[in-house]
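# Inside the fold
What follows is the residue order along each chain.
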Amino acid sequence: MTIWITRTRPGADRTAERLASEGFDTLIDPLLEVRPVSGALDLSGFTGLAFTGPNAVEIFAGLSPERDMPAFAVGDATAEALTQIGFRQVHNARGDVAALARLMIEEAKGRILYPAPAEPAADLPGLVAPFGINLDARCIYETVPVPPLRALATPDLEAVMIHSPRAAHLLAEAAADRLSDLVGLALSDACAAPLRTRSMKSLVVAPFPDDASLVRLAVDTLSKAR
């Protein structure tokens, strides 16, 4: 039996590695594709950076050589991605965008650049602005839908992992005929919400919004079902 991973690469590869170490077969077939939309970034006047996902880190790495500023990361995967490309001052919120906002309110100083997606899942600037945090969002990438042709043609799917609310909406439409056969494994309540009105075998949510917690949820849930 196979777990369908819907998140974008390279994050999907890390999820697959974690599941493989637990003895699960996986199919990586993202519902979204990441595409850069910006040229070189001018970081003049900024004193720090904020990142809400590994995709932003990957795109930023190709746009700027800057690695010395303090960088604020939403969670473990983002913090790891920042460390891998050479950042030494990484502040990890270990949570969601709300947790990142709280961390920045406590520790951010000066003018912060937020290399952002075209359609952010949450309003980070709006969360920190009332507390005097000067956060400048710059769109550097977009995520565009792609049809999950491989997944829809795979007969032995057991479960599907959902890492973003937008992917959940796309899953509800693109795989409507398959949902009743699948266990839904959602990163957060927001990721589960678009699927709650759909008929699925079951739908469960990770206790913490990070990939390690979601993988543990998959192991616990699917092991009991076997």
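Above this text is the structure in question.
Notes on the structure in this doc start here. (Residues numbered from 1 in each chain as written. Predicted model: local features only at pLDDT ≥ 70, side-chain atom pairs only at ≥ 80, totals over all residues. Heavy atoms only, no water.)

What follows deals with the overall build of the protein. Assigned secondary structure in the protein consists of nine helices and 11 strands. Taking 2.2 N^0.38 as the reference for a compact globule, 226 residues should give roughly 17 Å; the C-alpha atoms of the protein span a radius of gyration of 18 Å, in line with that estimate. If one aligns the C-alpha atoms of the protein with their principal axes, the spans along those axes are about 55 × 35 × 30 Å. Residues classed as buried in the protein amount to 50% of the 226 residues present. (Helix = DSSP H or I, 4+ residues; strand = E, 2+ residues; numbered from the N terminus. Rg over C-alpha atoms; globule rule 2.2 N^0.38 Å. Buried < 20%, exposed > 50% of the residue type's maximum accessible area, 1.4 Å probe, protein only.)

Vacant regions in the atomic arrangement are exposed by a probe of water-molecule size rolled over the atoms. In this structure, the largest pocket spans a volume of roughly 1,300 Å³. Lining the largest pocket are 49 residues; nearest its centre among them are Thr-52, Ala-121, His-163, Ser-164 and Leu-187. Ranked by residues supplied to the lining of the largest pocket, first place goes to helix H3 (residues 76-84) with four residues. Looking at the lining of the largest pocket, its residues break down into 24 nonpolar, 13 polar and 12 charged. (1 Å grid on protein atoms, 1.4 Å probe; cavity = no way out; pocket = protein on both sides within 12 Å on 5 of 7 lines; lining within 4 Å. Points joined across faces, edges and corners; volume = space filled by probe spheres on them. Nonpolar A, V, L, I, M, F, W, Y, C, P; charged D, E, K, R; others polar.)

What the six strands build is an open sheet, ordered E3-E8-E7-E4-E5-E6; its pairing is mixed. The open sheet terminates on both sides in strands that have one partner only, identified here as strand E3 (32-36) and strand E6 (90-92). Geometrically, the sheet is characterised by an average inter-axis angle of 25 degrees between neighbouring strands, direction not taken into account. Taken together, the two bridges between strand E4 (residues 48-51) and strand E7 (residues 111-117) define a ladder with parallel strand orientation. Bridge pairing links Gly-48 to Ile-112 in E7. Taken strand by strand, helix H4 (residues 97-107) contacts E4, strand E5 (71-73), E6, E7 and strand E8 (134-145), and its axis lies near 150 degrees from that of E5. (Pairing = 2+ DSSP bridges. Axes fitted to C-alpha atoms, helices over the stretch in contact; angles between N-to-C directions. Contact = heavy atoms within 4.5 Å.)

Below, the discussion takes up the sheet that holds strand E1 (residues 2-5). Across the sheet, which stays open at both edges, the five strands sit in the order E2-E1-E9-E10-E11 with parallel pairing between neighbours. Bordering the open sheet on either side are strand E2 (25-28) and strand E11 (202-205), each of which pairs with just one other strand. Along the sheet, successive strands turn relative to each other by an average axial angle of 25 degrees, direction set aside.

Next up on the list: the pairing of E4. Neither face of E4 is open: one carries Gly-48 and Ala-50, the other Leu-49 and Phe-51, and all of them are buried. As judged from the three bridges shared by E4 and E5, these two strands associate in the parallel manner. Within the sheet, the bridge partner assigned to Phe-51 lies in E5 and is Ala-73. Between the parallel elements E4 and E5, the chain passes through helix H2 (residues 54-63) in a crossover that is right-handed. (Right-handed = clockwise from strand over helix to strand, strands pointing away.)

The set of residues buried in H3 consists of Thr-78, Ala-79, Ala-81 and Leu-82. The buried side chains of H3 occupy one side of the element, clustering within an arc of 160 degrees when seen end-on. On its buried side, H3 packs onto E4, H2, E5 and E6. One or two residues past the end of H3 sits Gly-86, with phi positive at roughly 115 degrees. (Arc of directions from axis to C-beta.)

Before going further, it helps to spend a moment on the pattern of salt bridges. Two side chains of opposite charge can pair, provided their charged atoms sit close to one another. Under the defined criterion, the tally for this structure stands at 12 salt bridges. Notably, a salt bridge pairs Asp-13 with Arg-9, separated by 3.0 Å at the nearest N-O pair. Residue Arg-35 is joined to Glu-33 by a salt bridge in which the shortest nitrogen-to-oxygen separation is 2.9 Å. The partly exposed category is assigned to Arg-35, whose relative accessible area is 37%. One connected set of salt bridges, linked through shared partners, spans Arg-7, Arg-18 and Asp-211. (Salt bridge = Lys/Arg side-chain N within 4 Å of Asp/Glu carboxyl O.)

A word on the nonpolar core. Counting residues in each nonpolar core, the largest one holds 39 residues, and the members touching the most others are Trp-4, Leu-19, Met-161, Leu-171, Leu-185 and Leu-195. Residue assignment for this core shows that the elements contributing at least two residues are E1, helix H1 (11-21), E2, strand E9 (157-162), helix H7 (165-174), strand E10 (183-186), helix H8 (189-192) and helix H9 (211-225). With six residues, the single largest contributor to this core is H9. Setting aside residues no more than four positions away along its own chain, Leu-171 makes contact with Trp-4, Leu-31, Val-160, Ile-162, Ala-176, Leu-179 and Leu-195. Counting residues in hydrophobic clusters, the runner-up holds 20 residues, among them Leu-43, Val-57, Leu-113 and Ile-140. (Core = buried A, V, L, I, M, F, W, Y, C linked by side-chain atoms within 4.5 Å.)

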